[in-house]
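# Secondary and tertiary structure notes
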Amino acid sequence: MTKLRIETILCRAGTMDNYSYLLIDENTGTSAVVDPSEVAPIANKCKELDIIPDYILNTHHHFDHTDGNLDLKEIYGCKIVGAADDAYRIPGIDIHVKDGETFSLGASNAQIIRADGHTTGHILWYFSDTKALFTGDVLFNLCIGGLFEGTVEQMFTSLNKIKQLPDDVFFYPGHEYTIHGVGFAKYLQPDSPELQKYLSFAQERLSKGLPVSPTKLSEEKAVNPYLKAQSVQELEKLFNI
Ligand code: ZN
Ligand code: FE
């Protein structure tokens, strides 16, 4: 049985509210940091848990996901893994991965899923055994990432790839942006009991200073307006309301 321990680390607190994640494959002790946007909170967590990360896994090139790459590589000697098509702008990249490939973190395997839209070359990291999906800036709680480089069509395709994953997969976003999605979700679904339930859960988590994530894809599919869009046209409309 593979077992992946996942520690959520808040970075750039109060400004961009990024989430970085420390992953530890408990069978082998192999470990990785997902999207290190700064060094201190990650180094503190590694020290607390006595972990020397073996890898950095990037979802995309934006600075608020890669700014810690070079310093952490220097401190820990870890290898940096990112999308081949994004390699030219991911600082310090060592290992290139492509859509459909598998990356092994010790005994835990991640499937690489290409998800353009927010940027070109963005990837998702899907650990199917653990049922954990790291979505970077594609999917957030109740909202999605802005279209910096891609098109609505590409984002629709990417969201569909997420929707096709099993309902009991938990997703781990690149930011705590729940609050940004609340008003729009309520406006579109004023009477949704699923949304009510989701919001009271989210409120409770946030009031304790905890991340809303991870939530199950089934829960997200029921309330996230962008995941609910059934066509490119429907998705496009959401950008224009
Ligand atoms: Zn980004
Ligand atoms: Fe970001």
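Refer to the structure presented above.
Quick look at the structure, then. Each chain has its residues counted from 1, running along the sequence as written. Written order decides the labels, with chains lettered from A and ligands numbered from 1. Only residues with pLDDT of at least 70 get local features here, since the model is predicted, and only at 80 or more are side-chain atom pairs given and counted; chain-wide, interface and lining totals rely on the full set of residues. Side-chain measures were taken over the full set of non-hydrogen atoms in the model, leaving aside hydrogen atoms and water.

## Details of the overall build of the protein
Let me state the cut-off plainly: In this text, helices come from DSSP runs of H or I with a minimum length of four residues, and strands from runs of E with a minimum of two, each type numbered from the N-terminal end. C-alpha atoms define the radius of gyration, and 2.2 Å times the number of residues to the power 0.38 defines the globule rule. Relative accessibility decides the category of a residue: with a 1.4 Å probe and only protein chains considered, values under 20% of the type maximum give buried, values over 50% give exposed, and everything between is partly exposed. Any two residues whose heavy atoms approach within 4.5 Å are treated as being in contact. To be clear on the numbers: accessible area is Shrake-Rupley with a 1.4 Å probe, and residue cover counts the displayed protein chains and nothing else.
For the protein, the count of helices and strands is 9 helices and 14 strands. A compact globule built from 241 residues would reach a C-alpha radius of gyration of about 18 Å, and the protein, at 17 Å, matches this within 12%. By its C-alpha atoms, the protein is 50 × 40 × 35 Å across when sized along the principal axes. For the protein, the proportion of its 241 residues judged to be buried stands at 52%. Restricting the contact set of the protein to residue pairs at least 6 apart, pairs at least 24 apart contribute 60%. Carbon and sulfur atoms provide 50% of the accessible area of the protein, an area that totals close to 10600 Å².

## Section: the coordination of the iron ion (ligand 2)
Operational definition: Here the term donor refers to an N, O or S atom within 2.8 Å of the metal (or 3.2 Å for Na, K and Ca), and because water is left out of the atoms, sites may appear incomplete.
Protein ligation of the iron ion (ligand 2) involves Asp64 (OD), His65 (NE2), Asp137 (OD) and His175 (NE2), the donor distances falling in the range 2.1 to 2.2 Å. Read from N- to C-terminus, the donor residues coordinating the iron ion (ligand 2) fall into the pattern D-H-x71-D-x37-H. Separating the iron ion (ligand 2) from the zinc ion (ligand 1) is a gap of 3.3 Å, which Asp137 spans by donating to each of them. Residue Asp64 is found in helix 2 (residues 63–66), and its partner Asp137 is found in the loop between strand 10 (132–136) and strand 11 (139–140); the two are separated by 73 residues along the sequence. Given the relative accessible area of 3%, Asp64 is considered buried.

## What to know about the pattern of salt bridges
Where charged atoms from two side chains of opposite charge approach closely, those side chains can pair. Here is the rule we go by: The working definition used for a salt bridge is a side-chain nitrogen of Lys or Arg within 4 Å of a carboxyl oxygen of Asp or Glu.
Under the definition given, this model contains 13 salt bridges. In this structure, the salt-bridge partner of Asp67 is Arg12, at a minimum N-O distance of 3.0 Å. Residue Asp67 is located in the loop between helix 2 and helix 3 (69–76), and its partner Arg12 is located in the loop between strand 1 (4–11) and strand 2 (18–25); the two are separated by 55 residues in the primary sequence. One network of salt bridges, in which partners are shared, links Arg5, Glu7, Lys45 and Glu48.

## Observations concerning the sheet that holds strand 9 (residues 123–127)
Our working definition: Strands qualify as paired when DSSP identifies two bridges or more between them.
Spatially, the 6 strands line up as an open sheet ordered 7-8-9-10-13-14, and their pairing is mixed. In this open sheet, the two strands that pair with only one neighbour each are strand 7 (102–105) and strand 14 (215–216).

## Looking at the environment of Tyr187
Along the polypeptide, Tyr187 turns up in helix 5 (residues 178–188). Of the residues examined, Tyr187 reaches a relative accessible area of 58% and is grouped as exposed. In this structure, the C-alpha to C-alpha distance between Tyr187 and Glu219, residues 32 residues apart in sequence, is 18 Å.

## Quick notes on the sheet that holds strand 1
Filter applied, for reference: Note on definitions: angles span 0 to 180 degrees between N-to-C directions of axes, and those axes are lines fitted to C-alpha atoms, for helices only across the stretch in contact.
Strand order in the open sheet formed by 6 strands is 1-2-3-4-5-6, and the pairing between neighbours is mixed. Sheet topology places strand 1 and strand 6 (95–97) at the edges, where each strand pairs with a single neighbour. For this sheet the average axis-to-axis angle between neighbouring strands, irrespective of direction, equals 25°. Across 3 bridges, the pairing between strand 5 (residues 79–83) and strand 6 is parallel. In the sheet register, Ala83 faces strand 6, and the bridge partner there is Val97. Of the strands in this sheet, strand 1, strand 2 and strand 3 (31–34) touch helix 1 (residues 40–49), which is tilted by about 140° from strand 1.

## Notes on the coordination of the zinc ion (ligand 1)
Rule in force here: In short, tetrahedral needs four donors with all angles between 85 and 135 degrees, square planar needs four and octahedral six donors with opposite donors over 155 degrees apart and all other angles between 65 and 115, and whatever is left is irregular.
All of the protein donors around the zinc ion (ligand 1) are His60 (NE2), His62 (ND1), His118 (NE2) and Asp137 (OD); their distances to the metal are 2.2 Å. Here the zinc ion (ligand 1) is ringed by 4 donor atoms whose angles at the metal span 87 to 164°, and the overall shape comes out irregular. Spacing between the donor residues of the zinc ion (ligand 1) along their common chain follows H-x1-H-x55-H-x18-D.

## Examining the environment of Trp125
Inspection of the secondary structure assignment puts Trp125 in strand 9. With a relative accessible area of 0%, Trp125 lands in the buried category. For Trp125 and Tyr172, which are 47 residues apart along the polypeptide, the C-alpha to C-alpha distance reads 9.8 Å. Among all residues touching Trp125, those that are not within four sequence positions of it are Leu57, Asn58, Thr59, Val81, Val97, Phe103, Ala110, Gln111, Ile112, Ala132, Leu133 and Phe134.

## Some remarks on the nonpolar core
Under the convention used in this document: Only buried residues count toward a nonpolar core, which is a set of Ala, Val, Leu, Ile, Met, Phe, Trp, Tyr and Cys residues joined through side-chain atoms within 4.5 Å.
Counting residues in hydrophobic clusters, the biggest one holds 25 residues, and the most contacted among them are Leu133, Leu159 and Leu235. Listed by contribution, the elements that provide at least two residues to this core are strand 9, strand 11, strand 12 (143–144), helix 4 (152–163), helix 8 (225–228) and helix 9 (232–240). If we ignore the near neighbours within four places in the chain, the residues touching Leu235 are Val152, Met155, Phe156, Leu159, Tyr226 and Ala229. Residues Val81, Phe103, Ile123 and Phe134 belong to the second largest nonpolar core, which totals 21 residues.

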